[in-house]
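Commentary on secondary and tertiary structure
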Amino acid sequence: MNLKDTVKLANGVEMPRLGFGVWKVKDGDEAVNSVKWAIEAGYVSIDTAAAYKNEEGVGQAIKESGVKREDLFVTTKLWNAEQGYESTLAAFDESLRKLELDYVDLYLIHWPVKGKFKDTWRAFEKLYNDKRVRAIGVCNFHEHHLKELMEDAEIAPMVNQIELHPELTQEPLRNYCAEHNIVVEAWSPLGNGKLLDNAEIKAIAEAHGKSVAQVILRWDLQIGVVTIPKSVHQERIIQNADIFDFELTEDEVAKISALNKDKRTGPDPDNFNF
């Protein structure tokens, strides 16, 4: 495996297994610099969202990077307040304008807003059929949300981006997604930084001469999960990508998976109020 390694989505589109996330990255210099550093380090997948309020900085970085658009994989997400059919189409246009792109590679529904996500999905299907997005998916959908969506959907979600880390392994949901050819992508793969002091992962990291973060990201890849760590520090951005020169044993993967406590650092998708 290497930084260009991909997983094939249900429609044949190749999605990088390791990407760069920009949650909580400030628009302007911070967003521009961190995305440019990521592209320089070899990342091809950049993950933003309307709610992050940094699509303009991401777009500027892409433009200034000098890398061809078709060589990058750009994800953005629709915010909750814009859900619904017409409002989704308008919000997508706004995201494209800010990113200064003609299309995005992956467009995601950010949260399963009750009573709205089906209409929203119809708009996603239109954007997909109009070839304005190469792939469509969701974030933070439990199994029952996916089932409800797929009752009427013409196109099944290709990706489900969820909170996933060693203390929240989401195994039943991962199995359901695998059965339905939905790629699982991890947000907050390092548990919002709370796992960096974990003694068991530290011991595994020391055995490999790697950092705890590198071991967790490697674990993601070995359990078949796409992952998008974020950082605004150049050396950390480079370090997070340096996970292709070692392999965890089956026993080490099992030990990390056994740390699961079903413990979230973010809201439960069945109980959020934004």
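Residues numbered from 1 in each chain as written. Predicted model: local features only at pLDDT ≥ 70, side-chain atom pairs only at ≥ 80, totals over all residues. Heavy atoms only, no water.

An unreviewed UniProt entry lists the chain under the name Aldo/keto reductase, from Listeria seeligeri. What UniProt records for the chain under Sequence similarities (unreviewed entry) is the sentence "Belongs to the aldo/keto reductase family." (UniProt positions renumbered as here; feature names shortened; annotations may be inferred.)

**Some remarks on the sheet that holds strand β4 (residues 45-47)**
Ordered in space as β3-β4-β5-β6-β7-β8-β9-β10, the eight strands form an open sheet in which the pairing is parallel. Two strands lie at the open edges of the sheet, namely β3 (20-21) and β10 (226-227), each paired on one side alone. Its contacts with the sheet put helix α4 (residues 117-129) on β5 (73-78), β6 (104-109) and β7 (133-139), and the angle it makes with β7 is roughly 165 degrees. (Pairing = 2+ DSSP bridges. Helix = DSSP H or I, 4+ residues; strand = E, 2+ residues; numbered from the N terminus. Contact = heavy atoms within 4.5 Å. Axes fitted to C-alpha atoms, helices over the stretch in contact; angles between N-to-C directions.)

**Overview of α4**
When the terminal C-alpha atoms of α4 are compared, their 18 Å separation across 13 residues agrees well with the 18 Å that a helix rising 1.5 Å per residue should span. Every buried residue belonging to α4 is among Phe117, Thr120, Trp121, Ala123, Phe124, Glu125 and Leu127, and all of these are buried. Each element contacted by the buried residues of α4 is listed here: β5, α3 (85-99), β6, β7 and α5 (143-152). One or two steps after α4, the chain reaches lysine 131, where phi turns positive at roughly 60 degrees. (Expected span 1.5 Å × (residues − 1). Buried < 20%, exposed > 50% of the residue type's maximum accessible area, 1.4 Å probe, protein only.)

**A few points about the environment of alanine 156**
Mapping alanine 156 onto the fold places it in the loop between α5 and β8 (159-163). A relative accessible area of 35% means that alanine 156 is categorised as partly exposed. Taking the C-alpha atoms as reference points, alanine 156 and aspartate 130, separated by 26 residues in sequence, lie 16 Å from one another. Apart from the residues within four sequence positions on either side, alanine 156 is in contact with Trp121 and Met150.

**Section: the packing of aromatic side chains**
Throughout the structure, instances matching the rule amount to nine aromatic pairs. Centroid distance phenylalanine 117 to phenylalanine 141: 5.1 Å. Interplanar angle 65 degrees. Geometry classified as edge-to-face. Placement of the pair is phenylalanine 117 in helix α4 and phenylalanine 141 in the loop between β7 and α5, with a sequence separation of 24 residues. When its relative accessible area of 0% is taken as the criterion, phenylalanine 141 is described as buried. Relative to phenylalanine 124, the ring of tryptophan 121 lies with its centre 5.6 Å away and its plane at 20 degrees, an arrangement referred to as stacked. One end of the pair is tryptophan 121 and the other is phenylalanine 124, both in helix α4 and three residues apart, which spans about a single turn. A relative accessible area of 0% means that phenylalanine 124 is categorised as buried. Site record: aromatic cluster; members linked through ring pairs are Trp79, Trp111, Phe272 and Phe274. (Phe/Tyr/Trp six-rings, centres within 6.5 Å; stacked < 30°, edge-to-face > 60°.)

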